[in-house]
Structure formats: structure tokens, C-alpha cells
Amino acid sequence: AYDAASNRYIRTIDGEPHIDKNNGEQLSARNVVVVFANHQLDVSICETQVEDQCLAFSMEIQIWGSGTAVIFRDGQRFEATWQRQQRTDMLTFFDEAGDPLPLQIGNTWFQMLPNEDGLLSSTP
């Protein structure tokens, strides 16, 4: 939820403040960025194993190339495109006209969601 007084987005879980156990403060961010990207099941990494059976594989979120995003900044919503050509590059964002879309100075909460074209890609 956006808090205009602090120009921050405050995080809640099930309607309750999400509290940082390290400092007792509610989690907040200057920016919230929702990145839509392909999600691929990675059967080479087992997250949960019981004896010789893997019960849960890792999910690779493929944040290279480009895709769509939604940025919440300063109480506003911006439709965006993200780009990241090389593994060493940072995610960069562009508005609908192709101009750079900067984030507000401060921390950012990133939420990665399966891309809009097709939810999960799972080829074990």
C-alpha cells in the first residue's frame, strides 16, 4: 500500500504489517517493480530431496533479454519494458515511448511473476 506521507510503499501480509525481525520496523520501499519473465523448471537443482527422490526442483527465472514490467513509484503506476542483455548487466526499464524510466532514489522491492504469455514452462 502506498503511504503518501512517507512516499513509500508499505508491505503487509494477510492484512497485517510485514515486520522486519532485525529491527522491528514494517517493510517498506520507495519503488515496487513487478517483472514478468519466463519461469523454467530446472531439474538439475533439487530443492527438496527425501532419500533418493527429488520432491521439488528449482525454478529458474529467466531475467535476460527483455519483457514487460509494472513500476510503482511516487504513488503512480507506470507500464514498462525491462531489458537485461548480459548476465552482468543490471535490469533497466523503459516507458511506452522507449525512454528510460528511472526509479526513485532508495530501496526497491522486486516481485518476479511468470510472463503474461504463458505461465510456467516446465520441461523436466
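Higher on the page you've got the structure.
Everything quoted here is computed from the prediction, not taken from an experiment.

1. Quick notes on the packing of aromatic side chains
Then, in step 1: On inspection of all chains with the given rule, the structure shows three aromatic pairs.
Then, in step 2: Between the aromatic rings of phenylalanine 93 and phenylalanine 110, the centroid separation amounts to 6.5 Å while the plane-to-plane angle is 25°, which identifies the pairing as stacked. Of this pair, phenylalanine 93 sits in strand β10 (residues 92–94) while phenylalanine 110 sits in strand β11 (residues 108–114), and the two are 17 residues apart along the sequence.
Then, in step 3: On the basis of relative accessible area, phenylalanine 93 is assigned to the buried category, the value being 6%.
Then, in step 4: Feature note: the residues Tyr2, Tyr9 and Phe72 constitute an aromatic cluster, connected by ring pairs.

2. Quick notes on the pairing of strand β7 (residues 53–62)
Then, in step 1: Of the pairings in the sheet, the one linking strand β6 (residues 31–50) to β7 comprises nine bridges and is antiparallel in character. Residue pairing for β7: asparagine 38 is matched across the bridge by glutamine 62.

3. Digging into the environment of valine 70
Then, in step 1: With respect to the helices, strands and loops of the structure, valine 70 is situated in strand β8 (residues 65–73).
Then, in step 2: Note on valine 70: relative accessible area 7%, which makes it buried.
Then, in step 3: Valine 70 has contacts with Val32, Val33, Val34, Phe36, Arg77, Phe78 and Glu79, leaving out every residue within four places of it along the chain.

Thresholds, definitions, all that
Residues numbered from 1 in each chain as written. Predicted model: local features only at pLDDT ≥ 70, side-chain atom pairs only at ≥ 80, totals over all residues. Heavy atoms only, no water. Phe/Tyr/Trp six-rings, centres within 6.5 Å; stacked < 30°, edge-to-face > 60°. Helix = DSSP H or I, 4+ residues; strand = E, 2+ residues; numbered from the N terminus. Buried < 20%, exposed > 50% of the residue type's maximum accessible area, 1.4 Å probe, protein only. Pairing = 2+ DSSP bridges. Contact = heavy atoms within 4.5 Å.

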